[in-house]
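A look at the structure
Letter by letter, the chains look like this.
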Amino acid sequence: MWSKGQKIPKIPSAILHLEERVSSKKKASFEDYTPFVVSFGPYYHGKHELDQAESIKHQIFDIFVSESQESKDFFLEMFEVVGKEVRSLYLWEYTAGYSDKELAEMMLLDACFIIAVYSNVASNLSQYVIKLLGNVMFTLAQRDVLLLENQIPFELVKKLLISGRSMAYANYWIRFFICKAINVNFDMITGDIHDDADQPPFLLEALRRAVISGHWSKVFLITINKHHAELSYPNRMEDDDTCSPIIDHKIELGNQVKKYSYSFHSVIDLKAKGISFRPSHSDLLGDIKFTSFCFHGRLELPTFVASIKSRVWLKNAIAYELCPDSNTQLQLTSYIKFMKSIISDSKDVQERKPK
């Protein structure tokens, strides 16, 4: 069902300590990793401030069952089978207080709630959550689904979608979730619920993969670092200490690794040197292209809708990339680092805005 030794991690303490040092709003910084309305999984389960959403999970489950062709016992038995396996995905100290049956029921209720808050807003499930919690808390619940420490196994959400609805609906729902979370074109997101070989471990990772490659069920190895060498080489200045921050790039040659440093100028500086900018053909963060002409160059960058919600999921996805054994290639981290290097002030932002 999931890879051996795979865990749903907690945020590494080093990241929290680093944010504490650099952030002027320490509390707000930490809040980007903690749920406001609802807990999913054991890490925040039982927190008093999340009681209101917790109290309606059984009612959401009842509605889900009523719209399916199965009974409550069918779904409970289906989830109880994986109780012991689920325990191994979380840190021991957070699951020790629950029996396998209690943990399985927690996963079932949480999966139903996740499906409800990311279903079409006109559906009975979504309407019932809005009726009980209100629109503001409903929106915040959608935000809470995107937190690293608030994840449940993707396999369980998939299992519930297929058993309670259909295979086709399961594929539709995951695409709808991704597009709703990051405001991208529905037609760009692909994936296959049948592809058990490389399913994401949880929804946040499905989101991370889709943003990079457009495909949520396979990891397309698009390493933005490869673009760094391509982007920076024509404008590389060995002795110029006025450039933007230096980014290291590693190039593998056989069994040897040579390390090069590439410097990136800001958007204003690049434009002054003959580099023009245009949107890339897709919104995928891996779609970065530099074309060199005789006397000028063109840099194509993906468009990106930035919001408070995007800040939350980006920070949590990057935290996952930085976790031990995450088995990622730091694509989002590299992208953010690159964008930070070419945007040094508000003038650079104005230059990048559509005219």
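Residues numbered from 1 in each chain as written. Predicted model: local features only at pLDDT ≥ 70, side-chain atom pairs only at ≥ 80, totals over all residues. Heavy atoms only, no water.

What follows deals with the overall build of the chain. Across its full length, the chain holds 18 helices and five strands. Counting only residues that meet the buried cut, the chain has 48% of its 355 residues in that class. A total accessible area of about 17,900 Å² is found for the chain, and carbon and sulfur atoms account for 54% of it. (Helix = DSSP H or I, 4+ residues; strand = E, 2+ residues; numbered from the N terminus. Buried < 20%, exposed > 50% of the residue type's maximum accessible area, 1.4 Å probe, protein only. Areas by Shrake-Rupley, 256 points an atom, 1.4 Å probe, with all protein chains shown as cover.)

With that settled, the discussion passes to the packing of aromatic side chains. Inspection of the entire model under this criterion finds twelve aromatic pairs. A centroid spacing of 4.8 Å and a plane angle of 80° characterise the contact between Y43 and Y94, whose relative ring orientation is edge-to-face. Here Y43, found in the loop between α2 (26-31) and α3 (51-54), pairs with Y94, found in helix α7 (residues 92-95); they are 51 residues apart in sequence, far enough to count as distant. Relative to F75, the ring of F64 lies with its centre 5.7 Å away and its plane at 65°, an arrangement referred to as edge-to-face. Here the residue F64 occupies a position in helix α4 (residues 57-66), and F75 occupies one in helix α5 (residues 72-80), the gap between them amounting to eleven residues. Considered together, F64 and F75 belong to a single accessibility category, that of buried residues. What links up through ring pairs into an aromatic cluster is the set F61, F64, F74 and F75. (Phe/Tyr/Trp six-rings, centres within 6.5 Å; stacked < 30°, edge-to-face > 60°.)

Attention shifts here to the sheet that holds strand β3 (residues 275-279). Spatially, three strands are ordered β3-β5-β4 in an open sheet, and the strand pairing comes out mixed. A strand with exactly one partner marks an edge of an open sheet, and here the two such strands are β3 and β4 (289-292). The average angle at which neighbouring strand axes cross in this sheet is 20°, direction not considered. Pairing geometry for β4 and strand β5 (residues 297-301), over four bridges, is antiparallel. If you follow K289 over to β5, its bridge partner there is E300. (Pairing = 2+ DSSP bridges. Axes fitted to C-alpha atoms, helices over the stretch in contact; angles between N-to-C directions.)

Closest axis-to-axis distance for the helix α11 (residues 154-164)/helix α12 (residues 167-182) pair is 8 Å, and the angle between their directions is 135°. Taken together, the axes of α11 and α12 are oblique relative to one another. When you trace α11 past α12, the crossing you get is right-handed. Every residue of α12 that contacts α11 at F154, V157, L161 and I162 is listed here: M167, Y169, A170, W173 and I174. (Parallel < 35°, antiparallel > 145°, perpendicular 65-115°, else oblique. Left-handed = near helix turned anticlockwise from the far one by under 90°. Contact = heavy atoms within 4.5 Å.)

Here the focus is the pattern of salt bridges. Applying the stated criterion across every chain yields a total of 13 salt bridges. Its salt-bridge partner being K57, residue D110 comes within 2.6 Å of it at the nearest N-O pair. Here K57 lies in helix α4 and D110 lies in helix α8 (residues 100-117), a separation of 53 residues in the sequence. Connected through salt bridges with shared partners, the residues E205, R208, R209 and E321 form a single ionic network. (Salt bridge = Lys/Arg side-chain N within 4 Å of Asp/Glu carboxyl O.)

Attention now moves to the packing of α8 against α11. For the pair α8 and α11, the least separation of the axes is 10 Å and the interaxial angle reads 70°. With respect to α11, the element α8 is oriented roughly perpendicular. Taken together, the residues of α11 that come into contact with α8 (itself represented by M107, L108, A111, C112 and I115) are L156, V157, L160 and L161. Looking at the contact of α8 with α11 residue by residue, the classes come out as nine nonpolar, no polar and no charged. (Nonpolar A, V, L, I, M, F, W, Y, C, P; charged D, E, K, R; others polar.)

Right, let's talk about the environment of M137 for a bit. Along the polypeptide, M137 turns up in helix α10 (residues 135-144). Classification of M137 by relative accessible area gives partly exposed; the value is 22%. Sequence separation between M137 and F36 is 101 residues; the distance between their C-alpha atoms is 8.5 Å.

Let us look at the nonpolar core. Residues F113, L160 and W173 are the most contacted members of the largest nonpolar core, which totals 89 residues. A per-element tally of this core places α8 first, with 13 residues. (Core = buried A, V, L, I, M, F, W, Y, C linked by side-chain atoms within 4.5 Å.)

Residues at a pLDDT of 70 or more form 77% of the chain, whose mean pLDDT is 80. For the stretch residues 220-261, pLDDT sits under 50, and the model shows 86 contacts to residues farther than four places along the chain or on other chains. (pLDDT = per-residue confidence, 0-100.)

With respect to the helices and strands, F113 occurs in helix α8. Distance from F113 to E54, taken between C-alpha atoms, is 9.5 Å for residues 59 residues apart in sequence. Leave out the neighbours within four places in its chain, and F113 touches V38, F40, A53, I56, K57, I60, V129, L133 and A141.

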